[in-house]
Amino acid sequence: MIDIKLIREKPEVVRKNLEKRKSDFPLDDLISLDKKWRELKKEIDRLRKERNEKSTQIAEMRKKGKDSKELQKAVKKINVEIKRKEKEYEELGKKRKHLWMQLPNLLHDSVPYGEDEKDNVEIKRWGEPKDFDFPVKNHIEILEALGLIDIERGAKVAGARFYYIKDDLVKLDYALINFALDHMRKKGYVAVEPPYMMNRRAYEGVTDLADFETVMYKIENDDLYLIATSEHPMAAMFMDEIIDPAELPIKLTGISPCFRREVGSHGKYSKGLFRMHQFNKVEQFIFCLPEDSWDFLEELQRNAEELYESLGIPYRVVNVCTGDIGTVAAKKYDIEGWFPSAGEYKEIGSNSNCTDYQARRLNIRFGKEGGEKGYVHTLNNTALATSRTMIAIIENNQNEDGSVDIPKVLWKYLDFKRLEKK
RNA sequence: GCCGGGGUGGCAGAGUGGUAAUGCGCACGCCUUGAGAGCGUGUGCCCUUCGGGGCAUGUGGGUUCGAAUCCCACCCCCGGCGCCA
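Just so it is clear, the model here is predicted, and its values are computed rather than measured.

Side note on the overall build of chain A
- Each helix and strand counted, chain A has 13 helices and 18 strands in total.
- For chain A, the spread of C-alpha atoms along the principal axes amounts to about 100 × 45 × 40 Å.
- A burial count over chain A gives 51% of its 422 residues as buried.
- Sequence separation of at least 24 residues holds for 73% of the intrachain contacts in chain A that already meet a minimum separation of 6.
- Total accessible area on chain A is roughly 21500 Å²; 49% of this is exposed by carbon and sulfur atoms.
- Side-chain charges of chain A comprise 74 positive and 75 negative groups, with the mean position of each set lying 7 Å from the other.

Have a look at this one:
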C-alpha cells in the first residue's frame, strides 16, 4: 500500500511509477473514487454532528421536564438519511480500498527497465560450472536410480507435484535446514517456527491479492490459508503494533514448509523437485527503520551468497527488472544457481526490499508513544530452499557411477558423505 | 466440545442508558548550571477550507432521540472439565 496522501498530492509520481512498471492500473479511477469517498464522508459527518447536537438538546429538555417529541422526530429523520448515505459510503470505501491495495509499490531508481525475466540484469557471478567428462543426468534420473524419491505414489496420494522423498534424501533435507539455521543464528538472526496457517486479514497484509487465487491453499470451514512461505507469518507477526525504535532492527530467520498451488505455472521448469506444491525453506526477514533498509538489502544478499558459496554451488545474481519484480517489492535481487542438466542458471532465492508497503497494509509502525511515528520497512530473502538446493547439489556434484558427493560443510549434520546405491 | 470468568488508549483501571473519569508511561514546553522533582500542554484513527468536525470500549447486527452500558450472533483470552500427538 502506498501513502494515500502521496496519491492525492503527487499523482504524477505514482503515475510515472506505473508507466515504468508498464502497469495498466486505473489510477484515475482510484483518485476519483477517493475524492467521492471523502466528499461523502464530509456529508455524513455533518449529519452526524447535527444528530449529536439534537440528542444533547433532548437530554437537556428531559432534565427540565420539557416535551422533546418534535426533536426526536427530527433526529429519526436524520438517521434515515445517515443510514442511506452510510451504505453508499461503505460500498465506495470497499471499492476504494480494494483498488488501493492493488496499486503496486514505488520502485527504487536502480531497478532496470524491462519486459520480463529475460531483461533482468546480471550483476554478479560466482563459481565455475564444472566440465563433466560424461553425459550429465538430471536430478530425477539420479534420485530414482538411487531409490530416494517416489513420484508416482506422491501423485496417487496427493496429485501431481507431490512426491515422497526418502531415506538419505530426507537426512539431506534436514541437514540443509540445520546448516542454514546455524549460519543465520551465527549472524544474530532469531530463529522462528511460525504458524503454518494464517487468517485472511493477516494474509491480505503481506501479499498481492491475486495470490489468493493462484498461490494459496484455503482451508475449508475455517478462515485460514496455508502459508506460501514463512516470510508471511513473520511479516504479520507485528501486525497492528508500534515498535520501539530501540528494538529495531528485528532480524528473524524462519523455518517452515511452503505450500503453493502454482496455478498457471505449468510447463516451465516444472519437472522433478524444481516446482512443487510443498517444500521446506529457511527464510530471512528484517523489520527496520526506513533509513536503514537499503543497507539491509545488501546484508541479506550477502548472507544468502555465503550459503551457496560454502556449498560450492555456482550462482549469479540478477537485479530483477520492472516487468518481473511483482507488486510488493521496491527492489529485488534473485540468486540463480547453476543447473547442469538444464545448462543454465535458474532461480533459487529471491531478496526484496518491500519498503513500507507491507508495513502500511499490516499497520506496523515504529515510534515512541506521543512521539513521532512512521511505518517500518520490511525485507525478506530466501536463506535456503531445500528442494532447489538439493537439486543443485545433486546435479553439480554427480559422479559417472550415479553417486553424488555431499559438500563438506554438511558432513557434520549427516552420517554419510555421498548419496550412493546401497 | 462443555461450564464459568473476561475483552475499554502504550499499560493499569472506572463508568449498568445522557455522549469515555483517573493514574502510570511517553512527547513537547516552562523552571534548573545539569539531572530530578514540580508545573503546563499534548498523547488512537479518519476528514478538514486548520476554525473545527466525525469515529473509536473484541467483531458484526438489533433496540433507542441517544448504547461501553440492553438484546442477538460470532471471534479471542484466562480457569476448570472432556478429548488428544
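Some thoughts on the sheet that holds strand β5 (residues 197-198)
- The sheet built from three strands is open, its strands ordered β5-β7-β6 with antiparallel pairing. The open sheet terminates on both sides in strands that have one partner only, identified here as β5 and β6 (218-219).

Here's the deal with the sheet that holds strand β11 (residues 315-319)
- Spatially, the eight strands line up as an open sheet ordered β1-β11-β12-β13-β16-β10-β9-β4, and their pairing is mixed. One side of each edge strand has no neighbouring strand; the edge strands of this open sheet are β1 (121-126) and β4 (190-192). Across the sheet, the mean angle separating the axes of adjacent strands is 25 degrees when strand polarity is ignored.
- Here strand β13 (residues 344-353) runs beside strand β16 (residues 377-385); their pairing, made up of three bridges, is antiparallel. When the sheet's bridge partners are listed, asparagine 351 is paired in β16 with asparagine 381.
- Sheet strands in contact with helix α7 (residues 167-186) are β4, β9 (250-259), β10 (278-288) and β16, and its direction is about 10 degrees off that of β10.
- Sheet contacts for helix α11 (residues 293-311): β1, β9, β10, β11, β12 (331-339), β13 and β16; angle to β16, the most-contacted strand, approximately 5 degrees.

Focus on unusual backbone geometry
- Omega for the peptide link from leucine 248 to proline 249 comes to 0 degrees, which places this bond in the cis form.
- Positive phi is not limited to glycine here, since arginine 161 has a value of about 70 degrees.
- Position of arginine 161 among the secondary structure elements: in the loop between α6 (151-157) and β3 (164-165).
- Phi is positive for aspartate 167, close to 55 degrees, though the residue is something other than glycine.
- Locating aspartate 167 in the fold gives a position in helix α7.
- Looking at aspartate 167, the relative accessible area reads 46%, which means it is partly exposed.

Thoughts on the pattern of salt bridges
- Applying the stated criterion across every chain yields a total of 34 salt bridges.
- Residue arginine 201 is joined to aspartate 240 by a salt bridge in which the shortest nitrogen-to-oxygen separation is 3.1 Å. Here arginine 201 is found in helix α8 (residues 200-206), whereas its partner aspartate 240 is found in the loop between α10 (231-236) and β8 (242-243), with 39 residues between them in sequence.
- When its relative accessible area of 41% is taken as the criterion, arginine 201 is described as partly exposed.
- Across the salt bridge formed by glutamate 306 and arginine 302, the nearest N and O atoms sit 4.0 Å from each other. Pair noted here: glutamate 306 and arginine 302 are both in helix α11, with a separation of four residues, about one helical turn.
- Linked through salt bridges whose partners overlap, the residues forming this network are Glu43, Arg46, Glu50, Lys54, Glu81 and Lys85.

Side note on the packing of aromatic side chains
- Applying the stated criterion across every chain yields a total of 10 aromatic pairs.
- Both rings, one in tyrosine 203 and one in phenylalanine 212, keep their centres 6.0 Å apart while their planes meet at 75 degrees; by these two values the pair is edge-to-face. For the pair shown, tyrosine 203 and phenylalanine 212 are each scored as buried.
- Each ring, one from tryptophan 338 and one from tyrosine 345, has its centre 5.0 Å from the other, and the planes form 65 degrees; the classification is edge-to-face.

Quick notes on the packing of α7 against helix α13 (residues 386-396)
- Put simply, α7 and α13 touch, their axes get as near as 10 Å, and they point 115 degrees apart. If you check the angle between α7 and α13, you find them roughly perpendicular. Considering only the axes of α7 and α13, their crossing is right-handed. Taking contact as the criterion, the partners of Leu169, Leu172, Asp173, Leu176 and Ile177 in α7 are, on α13, Thr386, Thr389, Met390, Ile393 and Ile394.

The rules behind the values
Residues numbered from 1 in each chain as written. Chains lettered and ligands numbered in written order. Predicted model: local features only at pLDDT ≥ 70, side-chain atom pairs only at ≥ 80, totals over all residues. Heavy atoms only, no water. Helix = DSSP H or I, 4+ residues; strand = E, 2+ residues; numbered from the N terminus. Buried < 20%, exposed > 50% of the residue type's maximum accessible area, 1.4 Å probe, protein only. Contact = heavy atoms within 4.5 Å. Areas by Shrake-Rupley, 256 points an atom, 1.4 Å probe, with all protein chains shown as cover. Lys, Arg positive; Asp, Glu negative; His and termini not counted. Charge placed at Lys NZ, Arg CZ, Asp CG, Glu CD. Pairing = 2+ DSSP bridges. Axes fitted to C-alpha atoms, helices over the stretch in contact; angles between N-to-C directions. Salt bridge = Lys/Arg side-chain N within 4 Å of Asp/Glu carboxyl O. Phe/Tyr/Trp six-rings, centres within 6.5 Å; stacked < 30°, edge-to-face > 60°. Parallel < 35°, antiparallel > 145°, perpendicular 65-115°, else oblique. Left-handed = near helix turned anticlockwise from the far one by under 90°.

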